[in-house]
Amino acid sequence: MNQTTETQNPLRTEARIAHGALQRLRQDLFADAFAFRPLMPLDDARVVGWRQRVPKRIRRHVRWAPHCAVALGAGIIFLLTLSSTMHYGIGSIRSFVTLGFCLLISVPVALTLFRPVGAFWVSMAGVVLGTLGSAAFVGMYGGQWIGVAFATHLVVMTLVVLRTRPRLALEMWVVSFGAGAALAVLVGMAGKSDIPAMGTFSALVLGVAAAMRAWREERRQVVETKTATAEERSRRTLLEERATIARELHDVVAHHMSVIAIQAEAAPYRVADTPPELATSFATIRENAVAALTELRRILGVVRSEDPDAFVGNDPEAPQPTLASLDSLLDSVRGAGLTVEAVVTGAVRPLPQGVELSAYRIVQEALSNALRHSPGADARVEISYVLGGIGLRIVNGTPSRLAKPSPGAGHGVLGMRERVQMLGGEMTADHTADGGFEVAAFLPVANTGANAAAGEGVAA
């Protein structure tokens, strides 16, 4: 029993394989054979190189070059076929038959632009007519029909393969030359036709076309994968930068909320005979401040859980840096080999902690980019305290040597923009005329004077 089952299993496997092949054949060549599948014009990325080589008047039409080439080819095939097969007087029945035959084998070439699989079947009809015409007009000019029909049919199959998928090459080849061989036997031309030679040659041509189509699909998939990877890397970098900003903002906001809670708790004890309504208000303020701190810590816990290595090598309890720590940053950058000069203009004054922190991080990231991408170049940091905020300009010169590859880098500017947009500022980052790079940002500060006065009051 087991031996019989083992003997039948290979047969069943072969039957399943054959059934699957027939299903694919039916799906590819028979199901919706005349469905409308137009050839799209060339995209801009593939047209850029061509546009520089053609006159300006026709540059916008270059994207339709494949359509024009196929349509022109169909017209040329019609004229050549007509000239080689039309040997009868105008108005005779044979002349009309020949004209119809010429149309039947040339139209499918143009039809591949819109209905590729349908064009294959129309071309097959031309092959059948060419075989029958060669058999009916044997010894006359009709003997040329079969050669012309097969040559044009090969062109159609090649275009269909280039437009659809590689496996259609084998399917169309089997259908075409299986039907051609059977038809040659029926009309008595089995020994007189060149079907074996044409089959071998067409197999080579279709194999090359299938390989080209497979290579194009593989190349397209690689491009799509690289694009998706770059977009995912940008998105991940943006999310990481936002998480960093969220942690830093927690430290900034938590400090002020703690001060509010402490002052609200101590205020009733600073005034004798505090009214109950006022004491209740202060108690409510303290409760809201403590609740806000609890919520901030909870949200920060979620952010940290998504990035458990965020504080590796850093002290999470350390105070956030400000522009007062700029000298130590510049010293560390100089120790890494970057010659940097710092210039501060305007009246130096304390700014809101979030602005100070963002300004420090922007300078830090810009100098890191200079170290990474412009080795050997000099850098200059300009900090301008103005009435409405603070201006930053970090510029580096031309590198003196080639930069080492930095996989995964290239998103520092994205993080800087995120910080500037968070504060409602403006930023530009671009190459300079001498080959360096410049980052310029402005961080607005509203009611600077009032904020400074409030800070002095808290300190007192």
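Residues numbered from 1 in each chain as written. Predicted model: local features only at pLDDT ≥ 70, side-chain atom pairs only at ≥ 80, totals over all residues. Heavy atoms only, no water.

K.L.:
Please provide a residue-by-residue account of a nonpolar patch on the surface, values included.
P.N.:
A cluster of nonpolar residues, Leu72, Ile76 and Leu80, forms a patch on the protein surface that exposes about 300 Å² of accessible area. The class for leucine 80 is exposed, based on a relative accessible area of 54%. (Patch = residues over 30% accessible without salt bridge, like charges linked within 9 Å, V, L, I, M, F, W, Y side chains within 5 Å. Areas by Shrake-Rupley, 256 points an atom, 1.4 Å probe, with all protein chains shown as cover. Salt bridge = Lys/Arg side-chain N within 4 Å of Asp/Glu carboxyl O. Buried < 20%, exposed > 50% of the residue type's maximum accessible area, 1.4 Å probe, protein only.)

K.L.:
Requested: an account of the confidence of the model for the protein, with residues and values cited.
P.N.:
Reading fine detail from the predicted coordinates is not recommended where pLDDT is low. Put simply, the protein has an average pLDDT of 77, and 75% of its residues get 70 or more. By mean pLDDT, helix H13 (residues 448-459) is the weakest element of the protein at 38, and strand E3 (residues 389-396) is the strongest at 94. Across residues 138-142 the pLDDT falls below 50, and counting only partners more than four positions away or on other chains, this stretch makes eight contacts in the model. Scored below 50 in pLDDT, residues 448-460 makes seven contacts in the model with residues more than four places away or belonging to other chains. (pLDDT = per-residue confidence, 0-100. Helix = DSSP H or I, 4+ residues; strand = E, 2+ residues; numbered from the N terminus. Contact = heavy atoms within 4.5 Å.)

K.L.:
Kindly report on the side chain of threonine 112, identifying the contributing residues and their values.
P.N.:
Counting through the fold element by element, threonine 112 comes out in the loop between helix H4 (93-111) and helix H5 (116-136). Of note is the side chain of threonine 112, whose polar atom sits 2.5 Å from the backbone oxygen of valine 109. Residues within four places of threonine 112 in sequence aside, it is in contact with Val70, Ala119, Val156, Leu159, Val160 and Arg163. (Polar contact = N/O pair within 3.5 Å; in protein donor to acceptor, adjacent residues only side chain to side chain.)

K.L.:
Give me the UniProt feature "transmembrane region" (unreviewed entry) in the protein: which residues, what numbers.
P.N.:
As recorded in UniProt, the sites labelled "transmembrane region" (unreviewed entry) are residues 64-82, 88-111, 118-138, 144-162, 169-189 and 195-215. In this annotation, residues 64-82 is assigned 95% helix and 0% strand; the end-to-end C-alpha distance for the span is 27 Å. (UniProt positions renumbered as here; feature names shortened; annotations may be inferred.)

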